[in-house]
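The chain contents come next:
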Amino acid sequence: MTRKQRYQYVIEYFKKNAPDAETELIYDNPYQLLVAVILSAQCTDKRVNLTTPAIFEKFPDVASLSQTDFEELFPFIRSISYPNNKTKHLIGMAKMVMDDFKGEIPMTVEELIKLPGVGRKTANVITSVVDQQPNMAVDTHVYRVSKRIGLVPQTASTPLAVEKELIKNIPTELVHRAHHWLILHGRYICVARNPRCEVCGLRKICQYFHKLNGGIPFD
DNA sequence: ATCCCGAGGG
DNA sequence: CCCTCTGGAT
């Protein structure tokens, strides 16, 4: 099976069997989305949603967030992974937006990754969701699933390499939906440990499944 | 007990 | 490339 055929198969599958999201990050504007995504590392959306309302009430915009300090913000972040780092990142991010970007959250990947706490994955989320740019955020789910089902060569060993490969092969108009599909498939079916291959409609073309089963297809 | 929905730093 | 940060989910 060629790579192109593989993509066609996977896209057709997801078009017919789009996974449903149980929880999504809750936000009203780009500022809130940026804060939520920074907080989401190694943490469920559900838990992030539990903490953000209080943060958004106390700090309704970048300007107010830029004026707080560690002691004031930390309690809001306390129950999320890496609270020390994330508290510093949020304040640093807000200060830089005020000082270097005139209080407006920048909307290019190159500018966004200059912000503390914002790496390539976060920058791709912001630009694609807020500005509909055809960017692919490669988090651990997208990375794992893409490699398992063979959308990218096994030699693609970094998130950036996987991102380039996916962007090269997925039609621009489908990038946003494909991102969603891969995330949710990874979150609910193709989980890191003990993937639920028995309920996965992609196992027929899945290299990882075949490897787990000694190269013998399930059906 | 062990793993996990990134980023920064050495 | 490796390590660290960390609480919560399971």
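Residues numbered from 1 in each chain as written. Chains lettered and ligands numbered in written order. Predicted model: local features only at pLDDT ≥ 70, side-chain atom pairs only at ≥ 80, totals over all residues. Heavy atoms only, no water.

**Quick notes on the side chain of Asn135**
Then, in step 1: Within the secondary structure, Asn135 sits in the loop between α8 (120–131) and α9 (140–148).
Then, in step 2: With sequence-adjacent residues up to four places away left out, Asn135 is seen in contact with Val109, Asn124, Thr127, Ser128, Ile167 and Val175. (Helix = DSSP H or I, 4+ residues; strand = E, 2+ residues; numbered from the N terminus. Contact = heavy atoms within 4.5 Å.)

**So, unusual backbone geometry**
Then, in step 1: Positive phi outside glycine occurs at Gln42, with the angle close to 55°.
Then, in step 2: Checked against the element boundaries, Gln42 lands in the loop between α2 (30–39) and α3 (45–58).
Then, in step 3: The phi dihedral of Gln132 is positive, around 55°, even though this residue is not glycine.
Then, in step 4: Note that Gln132 resides in the loop between α8 and α9.

**Here we look at the environment of Pro83**
Then, in step 1: Position of Pro83 among the secondary structure elements: in helix α6 (residues 83–100).
Then, in step 2: Those residues in contact with Pro83 that sit more than four places away from it in its chain are Phe74, Ile77 and Arg78.

**Re the protein's contact with DNA strand B**
Then, in step 1: Around DNA strand B lies a shell of 21 residues, among which Gly117, Thr122, Thr140, Ala192 and Arg193 are the nearest.
Then, in step 2: Counting only the atoms of DNA strand B within 4 Å of the protein, the fraction contributed by sugar and phosphate is 68%.
Then, in step 3: Contact distances for DNA strand B include 3.3 Å between a phosphate oxygen and a side-chain N or O atom of His141.
Then, in step 4: Note that a sugar or linking oxygen of DNA strand B is positioned 3.1 Å from one of the side-chain N or O atoms of Arg193. (Near = heavy atom within 4 Å. Polar contact = N/O pair within 3.5 Å; in protein donor to acceptor, adjacent residues only side chain to side chain.)

**Some details on the confidence of the model for chain A**
Then, in step 1: Confidence in the prediction for chain A averages 94 pLDDT; 98% of positions are at 70 or higher.
Then, in step 2: Considering each helix and strand of chain A separately, the mean pLDDT is smallest for helix α12 (residues 207–212), with a value of 88, and largest for helix α4 (residues 62–66), with 98. (pLDDT = per-residue confidence, 0-100.)

**Concerning the packing of α2 against α8**
Then, in step 1: Orientation of α2 relative to α8, taken along the N-to-C sense of each, is 150°, at an axis distance of 10 Å. Viewed along their axes, α2 and α8 adopt a mutual orientation that is roughly antiparallel. Helix-helix and strand crossings are classified by hand; for α2 and α8 the assignment is right-handed. Two secondary-structure elements touch here, α2 through Pro30, Leu33, Leu34 and Val37 and α8 through Lys121, Thr122, Val125, Ile126, Val129 and Val130.
Then, in step 2: Residues of the contact of α2 with α8, tallied by class, amount to 8 nonpolar, 1 polar and 1 charged. (Axes fitted to C-alpha atoms, helices over the stretch in contact; angles between N-to-C directions. Parallel < 35°, antiparallel > 145°, perpendicular 65-115°, else oblique. Left-handed = near helix turned anticlockwise from the far one by under 90°. Nonpolar A, V, L, I, M, F, W, Y, C, P; charged D, E, K, R; others polar.)

**Examining empty space enclosed by the protein**
Then, in step 1: Inspection of the entire model under this criterion finds 2 cavities of 30 Å³ or more.
Then, in step 2: The computed volume of the largest cavity comes to approximately 90 Å³.
Then, in step 3: In terms of lining, the largest cavity is formed by 13 residues, of which the most central are His185, Cys190, Cys197, Cys200 and Cys206.
Then, in step 4: Taken as a whole, the second largest cavity encloses approximately 60 Å³ of empty space.
Then, in step 5: Together, Tyr7, Val10, Ile11, Phe14, Leu151, Ile170, Ala178, Trp181 and Leu182 line the second largest cavity.
Then, in step 6: Counting only elements with at least two residues in the lining of the second largest cavity, the list comes to α1 (3–16) and α11 (175–188). (1 Å grid on protein atoms, 1.4 Å probe; cavity = no way out; pocket = protein on both sides within 12 Å on 5 of 7 lines; lining within 4 Å. Points joined across faces, edges and corners; volume = space filled by probe spheres on them.)

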